[in-house]
Amino acid sequence: MPKSFLHNMRHAGLISALVMAPCLAINAGLVSAETIQAQLLKAPNVPAPITRTQPATVVVNLEASEWVGLISDDNRYEFWGINGMVPAPMIRVMVGDTVEVNFKNKKDSKESHNLDFGKATDGAALVTAEPGKEAKLSFKATKQGLFVYQSSTAAPFNIQHLLSGMYGLILVEPVGGLKPVEKEFYVMQSEFYMKDGKKNDTLPFSMDKVKAADASYIVHNGHMTALVKVPLRSRVGETTRWFYGNAGVNFESSWHVIGEMLDRVWPAGDMSKPPLESIQSTLVGTGEATIGEFKGEMPGTFVSVDHSLFRTEKGALGLLKIDGPTNPSLFKGL
Amino acid sequence: MIRVMLGDTVEIRMKNDKNSKESHNIDFHAITGPGGGASLLNSEPGQESGGRFKMIIPGVFMYHCATASPSIPEHVSNGMYGTIVVEPAGGLKPVDREYQITQSEFYTKEGGKGETLEFSYENGLDERPSHVVYNGHATALVKNPLKAKAGETVRIFFTNVGPNFVDSFQILEKPFDRVYIEGSLTAPPAENVKVTKVPTGGAVMVEFKVDKAGNYTFVDPVGNRKDLGAMGLLKVE
């Protein structure tokens, strides 16, 4: 058997032991797990990094509601979202944590809403609430990685839920957390399908356009110019880490940052494997999420895009403004 | 295709022909800095611009025009793209044959045989191409197949310009021996890959040994893309 395989097995064994030992201790009633309230912030903000090494119980309070808001400067849309946000807030936990979701559906909702956390655990993890009701879900975050949580395919399924804003990311970190970096961002690409209309109209959902994969908007963080009007910020020399999700449902995203290379990419958010290095554009499948990192080498405005470039005309872009000193040995006009 | 080494300084002079109607620039995915150099490399018709850039990341990269007027995707759709390979120090391992294939889509209005077809921004937005081609023409690599001899190892630098489609690259007759996923030359390659997906604005390097004589067929197997031109031949003698 190759040495590297044995080494990996030992490594995996060690990690399992590290994860399992505290879990067993907690299950056996030897240690009482800490209870933590999840920090639930609006994208592009990311909850604080995890530094603990013991599993905890993380309480996540989510409320579904329906509201009319701007999708672009021209048009409004009736969003169905979580905590008044599209995308839903990013949830950050550690492998081995118990996640307790308190899921409310606002009383003036017209629809029953649900959320599916099945990708972050073993088995079904669906929570459903009728208007004005509340439901609870508890699951163990058994798999490390970056996952999309979303309105689910449970019957009767109406894709309008997913396509109106019911999606977000859940990060299940390895024990002890990820390596610290200077800045972290949360960006979610999503598609909106609407009937045509005039400026200032509230445009209704269009199932025909979904079926024809004819998106009206493809946006980063819930509005056509969310990250253009309020750019992300960092400084030269800082490493930025991006949690980049693709809600879909029709288009795979080719994520690229104009003027920068992704130094490290964990495809599909899988942190159990070594990252790809030096990547210009990386594929993010529908319903998938990716972790990418790079160090800012030059000051200026950098554009994060889905490099399927016609989609940038529908909103699939955002800006990162890097401040700091220029580096003429790297980049200089003649 | 431009070929340089990690650590090289590349000096680019960008001329725009005096008969051009549009201003043009270039965004090199291999360049670290605003616009991938586009901020320095914009040239009006009849003018020239230039920049000096250090190559700090190895890989297979696309470069393309990124002028916002009339729109970036229009400049890319119309043919303003190429490939730059930044080799690791000491270069890539030698192989017997190297080729570069670029897949791109063209978006035109409909028209009769013999006509010059106009660009269609609408078809671009709808992601409905009229042509999906290898190396700039619907039959470029069918009329002039790539060539190799039995027993040789072939390397292909494959670039997906888009401007819309994520490509699937495949040889019908055999798997690729090695695929350098997303053009990364530092990560170990995937092996024995039948079809590889290439993101838009991305690239991949593949290598394979051809054991037998005959015609080998490259395609993008998705939907009707090969009918729109995404097909090429490798003739092995």
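None of the values given here were measured: they were computed from a predicted structure. (Residues numbered from 1 in each chain as written. Chains lettered and ligands numbered in written order. Predicted model: local features only at pLDDT ≥ 70, side-chain atom pairs only at ≥ 80, totals over all residues. Heavy atoms only, no water.)

Draft legend 1. Representation of the environment of T121 of chain A in the model. All names here are of chain A. Note that T121 resides in the loop between β6 (113-116) and β7 (126-129). Using a relative accessible area of 6% as the deciding quantity, one classes T121 as buried. Excluding residues within four positions of it along the chain, T121 makes contact with F139, K140, T142 and K143. (Helix = DSSP H or I, 4+ residues; strand = E, 2+ residues; numbered from the N terminus. Buried < 20%, exposed > 50% of the residue type's maximum accessible area, 1.4 Å probe, protein only. Contact = heavy atoms within 4.5 Å.)

Draft legend 2. Focus on the environment of K149 of chain B. Residue and element names in this part refer to chain B. Examined against the element boundaries, K149 turns out to sit in the loop between β9 (146-148) and β10 (153-162). For K149, a relative accessible area of 46% gives the class partly exposed. Separated by 88 residues in the primary sequence, K149 and E237 place their C-alpha atoms 4.8 Å from one another. Apart from the residues within four sequence positions on either side, K149 is in contact with R97, V210, V236 and E237.

Draft legend 3. Expanded view of the pattern of salt bridges. Under the defined criterion, the tally for this structure stands at 32 salt bridges over all chains. Salt-bridge contacts for R241 of chain A lead to E184 of chain A; the nearest nitrogen and oxygen are separated by 2.8 Å. In this pair, R241 of chain A is assigned in strand β14 (residues 239-248) and E184 of chain A in strand β11 (residues 183-192), connecting sequence segments 57 residues apart. With its nearest N and O atoms 3.9 Å apart, the salt bridge here joins K174 of chain B to D177 of chain B. Take K174 of chain B: its relative accessible area is 14%, and that puts it in the buried class. What makes D177 of chain B partly exposed here is its relative accessible area of 21%. (Salt bridge = Lys/Arg side-chain N within 4 Å of Asp/Glu carboxyl O.)

Draft legend 4. Representation of the sheet that holds β10 of chain B within the structure. Residues and elements named next belong to chain B. With respect to topology, six strands assemble into an open sheet ordered β8-β7-β10-β15-β12-β13, the strand pairing being mixed. The sheet is open, and its two edges are formed by β8 (131-134) and β13 (190-193), each paired on a single side. The mean angle between the axes of side-by-side strands here comes to 25 degrees, regardless of whether they run parallel or antiparallel. Where β10 and strand β15 (residues 202-209) come together, eight bridges link them in antiparallel fashion. Along β15, the bridge assignment pairs T159 with A203. (Pairing = 2+ DSSP bridges. Axes fitted to C-alpha atoms, helices over the stretch in contact; angles between N-to-C directions.)

Draft legend 5. Inspection of the pairing of strand β10 (residues 167-173) of chain A at higher detail. Residues and elements named next belong to chain A. With seven of its seven residues buried, β10 lies for the most part within the structure. Taking every second residue as pointing to the same face, both faces of β10 are buried, with Y167, L169, L171 and E173 on one and G168, I170 and V172 on the other. Across four bridges, the pairing between strand β4 (residues 91-94) and β10 is parallel. Paired with M94 across the two strands is E173, which belongs to β10. With six bridges connecting them, strand β9 (residues 145-150) and β10 associate as antiparallel partners. Within β10, the residue paired with Q150 across the bridge is Y167.

Draft legend 6. Representation of empty space enclosed by the protein in the model. If you walk through the whole model with that rule in mind, you get one cavity of 30 Å³ or more. The calculated volume of the largest cavity comes to roughly 40 Å³. Lining the largest cavity, in full, are A213, I218, F251, F310, R311 and K314 of chain A together with L125, D126 and E127 of chain B. Residues that form the lining of the largest cavity fall into these classes: five nonpolar, no polar and four charged. (1 Å grid on protein atoms, 1.4 Å probe; cavity = no way out; pocket = protein on both sides within 12 Å on 5 of 7 lines; lining within 4 Å. Points joined across faces, edges and corners; volume = space filled by probe spheres on them. Nonpolar A, V, L, I, M, F, W, Y, C, P; charged D, E, K, R; others polar.)

Draft legend 7. Summary view of the interface of chain A and chain B. The partner chain B presents 53 residues to the 37 residues of chain A that form the contact. Here chain A packs against chain B, burying approximately 3,700 Å² in sum over the two surfaces, 60% of which is carbon and sulfur. For the chain A face of the interface with chain B, the top three residues by lost area are F310, F331 and L334 of chain A, together amounting to 22%. The interface formed by chain A and chain B contains two salt bridges. If you look at where chain A meets chain B, you find 23 residue pairs in polar contact (both at pLDDT 80 or more). Those elements giving two or more residues to the side of chain A that touches chain B turn out to be β15 (253-258), β17 (276-279), β18 (281-284), β20 (300-306) and β22 (331-333) of chain A. In terms of residue count, β17 of chain A provides more of the side of chain A that touches chain B than any other element does, four residues in total. (Buried area = accessible area lost by both parts, 1.4 Å probe. Polar contact = N/O pair within 3.5 Å; in protein donor to acceptor, adjacent residues only side chain to side chain.)

Draft legend 8. Structural view of the pairing of strand β19 (residues 288-295) of chain A. Residues and elements named next belong to chain A. Counting buried positions along β19 yields six of eight residues, so the element is predominantly enclosed. Pairing between β14 and β19: eight bridges, direction antiparallel. The residue bridging R241 from the neighbouring strand is E293, located in β19. The pairing of strand β16 (residues 262-266) with β19 spans three bridges and is classified as antiparallel. Residue V265 lies in a different strand from β19, and its bridge partner there is G292.

Draft legend 9. Geometry of the layout of surface pockets. Roughly 340 Å³ of internal volume is contained in the second largest pocket. What lines the second largest pocket is a set of 18 residues, among which D196, K209, A215, S216 and K314 of chain A lie closest to the centre. Among the elements that take part in the lining of the second largest pocket, helix α2 (residues 121-125) of chain B stands out by supplying three residues, more than any other.

Draft legend 10. Examining the side chain of T200 of chain B more closely. Inspection of the secondary structure puts T200 of chain B in the loop between β14 (195-198) and β15. Judged by relative accessible area, which is 0%, T200 of chain B ranks as buried. A polar side-chain atom of T200 of chain B sits 2.9 Å from a polar atom in the side chain of S308 of chain A.

Draft legend 11. Representation of the sheet that holds strand β21 (residues 317-323) of chain A in the model. Residue and element names in this part refer to chain A. The sheet built from five strands is open, its strands ordered β13-β21-β20-β15-β18 with mixed pairing. At either end of the open sheet lies a strand with only one pairing partner, and these are β13 (232-235) and β18. Averaged over neighbouring strand pairs, the angle between their axes works out to 25 degrees when direction is ignored. Note that β20 and β21 share six bridges and pair antiparallel. Bridging from a neighbouring strand, G300 pairs with I322 of β21.

So yeah, pure geometry; function would need other evidence.
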